[in-house]
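What the coordinates show
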Amino acid sequence: MNNIMKNKLLIFTCLISFAFTQNYDLPAYQITGGQENSSSDLFSLNSNTASQTANPSSSDSFSVSQGIMGVTQGLYSLPPVVNAFIADTIYRDGTPIRVQGVLVDMNGIASADLYLQQGGAEETVIIPMVALNDSIFEASIADSLVTVKNFRAFIRGHDNMAYTGESDRLTPSVKYGDTELTTMIDNSIYPNGIPSEHWRMLSFPGSLDNPSIAKPKEDGHVFYVWDLDDSTWVVPDSIYSGQAYWFKHIYEDPVPFSSDSGTAIPLEPYTINLKKGWNMVGSPFAFPVEVAADPNEVSGLYFFGDSTNRDGWALQEYRMDPWAGYAIYTNLEYASIDLLPFPIENEENNTNRMIAEDEWNIVLSVESNRFIDKTGRIGRHSKAKDVKDNMDIPILPSVGKGLSMAISLDNDNRFDYSSDIRSLDEQNGVWSVSISSGSDPGPVQFSAAVDGPIPPDISVAVLDIQSRKIYKDVLVNPFSIDDRLNLVYELKFVVGDPAYVESMLLNILSQIPSEFALGQNYPNPFNPITRLDYLLPRRSDVSIRVYNMLGQEIITLLEQEQSYGKYSVLWNGLDRSGKQVASGVYFTELKAGSIRKTRKMLLLK
């Protein structure tokens, strides 16, 4: 009899001895296959030692069934106990990478296999293990299976009764050398390197042995991080895992990266803690990973740029690619996300939550030949509020002078949010969206796409304020914007039941003047205050000035950018120095872009 069987029988003997020391009644017939079960208010035990057919006995406090044969049978049916061992850090020096397992089972071990899964791989490599004795098994991992993507492994053992047991996961670190980790690895976000003269955000997979950055500006390139404390761009002196860095260079060709020596971290969930505001983050893994996040606490992930080297932000799914840097926002003092090198089985990811019946999301995008902005999002959510909350995401930090799309939370002239998600308390609503550019982007295409289902009784339409056109098929057909975008270009999204959408579109149109106009001042003649009304059919740079009969400017009453609508301005008869002007004829001039309107006024004292 081997030592394992002796140990298990010893445990059983101890259980029997314990029962006798407690003065329990233990009748013990040797061969009674049909005896009744004994019972009492305190204790019951099958009365035979060999019965396998007696029903389990019961009592108010204790129960044992199936007899001694049943207990020993239970011991024999336990799966093997499997323990696996590997070095905490793997060094790729040409020597075999050995994994050992210690497997214990009363039935004896029939076989053991090592199951290995590389980072980012769905398939599992099975390596048969060699028995060194009754309980110790060993396997060697081929050097080709150990890369910068790292691996995880476990041992599965089978006993002679076909029961199976598994070890815990082995998740070592892997040391890699210079130039082994490059942007040209599979699934890299920058397979050809960073494009010239374009700002891009990147992160470094793994943990670098030497994270310092030496003389970035003097070498024709520069790194920046976004400092949350004072909202400034800062040149860092070191690279850290989980963080992202802005990079731009002026070399003629794209620049591929290859990091110095470092360590591929263990393939375990990696937590990134976030601060309030915009955070620049990246993955420490050299393969794509899922991100577990609570959308009620943090925004989506935003990436700058696309595969055609256009500049601008785009909203991404909750996944990170190697070498990519992302922006993510939280309005909380503390929040976090988890990077999952392997999906967690039997656990619901917050990011894949089922959508409630009345919830909907629409993603808004603008793009041209040189620029993109795919950050806009409007919708309704069961956990959102109609006032500002964590689901309303501010616009992202400005990078360059490309396209910029923004939403007004209050449907006023302040466009400073990229996302406006509202509650389910209302079905109908209007969202104000703006598009602008600090340069000439060329023709711009606007599109909207539903993210998930949308209630069948919901209608969606877009009103172009500048052209007064209505687009009712915007979820299917994009439309073009040909105007210059040096001023904010305004759109109204109207969403709700069809009757509401139709009536609201007519209501908004009725509030948009058909042309620029400057009304006659009143009262006229006046002393000393008069009022002038004016109309703007679209957003414009507006100035209103007063001149005397000689054409000399007396005072500027207004100079600012204004949206469409009806406005008024007052003049109190003072010049720019604050002195009262003399009686006489004066002229008011309204300028809005290339439009010029004038009115004659009479001041009488």
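Residues numbered from 1 in each chain as written. Predicted model: local features only at pLDDT ≥ 70, side-chain atom pairs only at ≥ 80, totals over all residues. Heavy atoms only, no water.

**Considerations on the overall build of the chain**
The secondary structure content of the chain amounts to 3 helices and 41 strands. A total of 605 residues make up the chain; the buried ones form 47% of that total. For the chain, contacts bridging at least 24 residues in sequence account for 67% of all contacts bridging at least 6. Split by element, the accessible area of the chain, about 30400 Å² in all, is 49% carbon and sulfur. (Helix = DSSP H or I, 4+ residues; strand = E, 2+ residues; numbered from the N terminus. Buried < 20%, exposed > 50% of the residue type's maximum accessible area, 1.4 Å probe, protein only. Contact = heavy atoms within 4.5 Å. Areas by Shrake-Rupley, 256 points an atom, 1.4 Å probe, with all protein chains shown as cover.)

**Focus: the sheet that holds strand β32 (residues 469-471)**
Pairing is antiparallel in the open sheet, where 5 strands are placed in the order β27-β29-β34-β31-β32. Edge positions in the sheet fall to β27 (403-408) and β32, since each has one partner strand and no second. Ignoring strand direction, the axes of neighbouring strands in this sheet form an average angle of 25°. Contacts between helix α3 (residues 498-510) and the sheet are confined to β29 (429-437), β31 (459-464), β32 and β34 (489-496), with β34 contributing the most and set at about 150° to the helix. (Pairing = 2+ DSSP bridges. Axes fitted to C-alpha atoms, helices over the stretch in contact; angles between N-to-C directions.)

**Some points on α3**
Spanning 13 residues, α3 covers 19 Å between terminal C-alpha atoms, matching the ideal 18 Å at 1.5 Å per step. The set of residues buried in α3 consists of Y500, V501, M504, L505, I508 and L509. Across the axial projection of α3, the buried residues extend over an arc of 155°, all falling on one side. Away from the buried face of α3 by more than 90 degrees, exposed residues A499, L506 and S510 are located. (Expected span 1.5 Å × (residues − 1). Arc of directions from axis to C-beta.)

**Some words on the sheet that holds strand β35 (residues 517-518)**
The 3 strands are arranged β35-β36-β39 in an open sheet whose pairing can be described as antiparallel. Of all strands in the sheet, those bounded by a partner on one side alone are β35 and β39 (565-571).

**Here's the deal with the pairing of β34**
Of all 8 residues making up β34, 8 are buried, and the element is well covered by its neighbours. Here β34 shows two buried faces, one formed by Y489, L491, F493 and V495 and the other by E490, K492, V494 and G496. Both β29 and β34 contribute to a ladder of 7 bridges, which runs antiparallel. Across the sheet, I435 pairs through a bridge with Y489, a residue of β34. In the sheet, β31 pairs with β34 via 6 bridges, with the strands oriented antiparallel. Each residue of the ladder has a partner; that of D464, found in β34, is L491.

**Let's talk about the layout of surface pockets**
When its volume is computed, the second largest pocket comes out at roughly 550 Å³. Around the second largest pocket, the lining comprises 25 residues; the ones closest to its centre are W226, Q243, K275, N279 and M280. Those elements giving two or more residues to the lining of the second largest pocket turn out to be β13 (221-227), β17 (270-274) and β18 (277-282). Here the element with the most residues in the lining of the second largest pocket is β17; it accounts for 5 residues. Taken together, the residues of the lining of the second largest pocket sort by class into 14 nonpolar, 7 polar and 4 charged. (1 Å grid on protein atoms, 1.4 Å probe; cavity = no way out; pocket = protein on both sides within 12 Å on 5 of 7 lines; lining within 4 Å. Points joined across faces, edges and corners; volume = space filled by probe spheres on them. Nonpolar A, V, L, I, M, F, W, Y, C, P; charged D, E, K, R; others polar.)

**What about the nonpolar core?**
Among the nonpolar cores identified, the biggest contains 64 residues, and L114, I141, F151, M320 and I337 are the most heavily contacted of them. If you tally residues by element for this core, the top one is strand β4 (residues 109-118), at 4 residues. Those residues in contact with M320 that sit more than four places away from it in its chain are V281, G282, S283, F287, P288, V289, V291, L301, Y326, I337 and L339. (Core = buried A, V, L, I, M, F, W, Y, C linked by side-chain atoms within 4.5 Å.)

**Some points on the packing of aromatic side chains**
Centre distance and the angle of the planes are the two values used to describe a pair of aromatic rings. Counted according to the given criterion, the structure contains 22 aromatic pairs. Note on Y270 and F285: the rings are 6.4 Å apart at their centroids and 85° apart in plane angle, and the pair reads as edge-to-face. Of this pair, Y270 sits in strand β17 while F285 sits in the loop between β18 and β19 (289-292), and the two are 15 residues apart along the sequence. By relative accessible area, F285 is classed as buried at 2%. (Phe/Tyr/Trp six-rings, centres within 6.5 Å; stacked < 30°, edge-to-face > 60°.)

**Notes on empty space enclosed by the protein**
Across all of its chains, the model carries 1 cavity of 30 Å³ or more by this definition. A volume near 60 Å³ is recorded for the largest cavity. Together, 13 residues line the largest cavity, and V148, A264, P284, F285 and A286 are the ones closest to its centre. Counted by class, the lining of the largest cavity contains 10 nonpolar, 2 polar and 1 charged residues.

**Topic: the side chain of S437**
Tracing the backbone shows S437 in strand β29. A relative accessible area of 8% places S437 in the buried class. Within the structure, the side chain of S437 is placed 3.2 Å from the backbone oxygen of G402, a separation counted as a polar contact. Those residues in contact with S437 that lie beyond four places of it in its chain are K401, G402, L403, L485 and N486. (Polar contact = N/O pair within 3.5 Å; in protein donor to acceptor, adjacent residues only side chain to side chain.)

**Describing the pairing of strand β25 (residues 360-367)**
Where burial is concerned, most of β25 is hidden: 8 out of the 8 residues are buried. On β25, burial covers both faces: W360, I362, L364 and V366 on one face and N361, V363, S365 and E367 on the other are all buried. Relative to strand β26 (residues 372-380), β25 runs antiparallel, the two sharing 7 bridges. If you follow V363 over to β26, its bridge partner there is R377. Here β25 hands over to β26 after 4 residues, the two strands then running antiparallel side by side. Here β25 pairs with strand β30 (residues 444-450) via 6 bridges, running antiparallel. Looking across to β30, one finds that I362 is bridged to V450.

**Here we look at the pattern of salt bridges**
Opposite charge on two side chains permits pairing when their charged atoms draw close. Taken as a whole and judged by the stated rule, the model has 25 salt bridges. With its nearest N and O atoms 3.1 Å apart, the salt bridge here joins E559 to R545. On the criterion of sequence distance, the pair formed by E559 in strand β38 (residues 553-562) and R545 in strand β37 (residues 540-547) is long-range, its members being 14 residues apart. With relative accessibility at 58%, the residue E559 sits in the exposed group. Its salt-bridge partner being R576, residue E553 comes within 3.6 Å of it at the nearest N-O pair. Of this pair, E553 sits in strand β38 while R576 sits in the loop between β39 and β40 (584-592); the two residues are 23 residues apart in sequence, bridging distant segments of the chain. For E553, a relative accessible area of 28% corresponds to the partly exposed category. The network of salt bridges with common partners includes D306, R310, E367 and K374. (Salt bridge = Lys/Arg side-chain N within 4 Å of Asp/Glu carboxyl O.)

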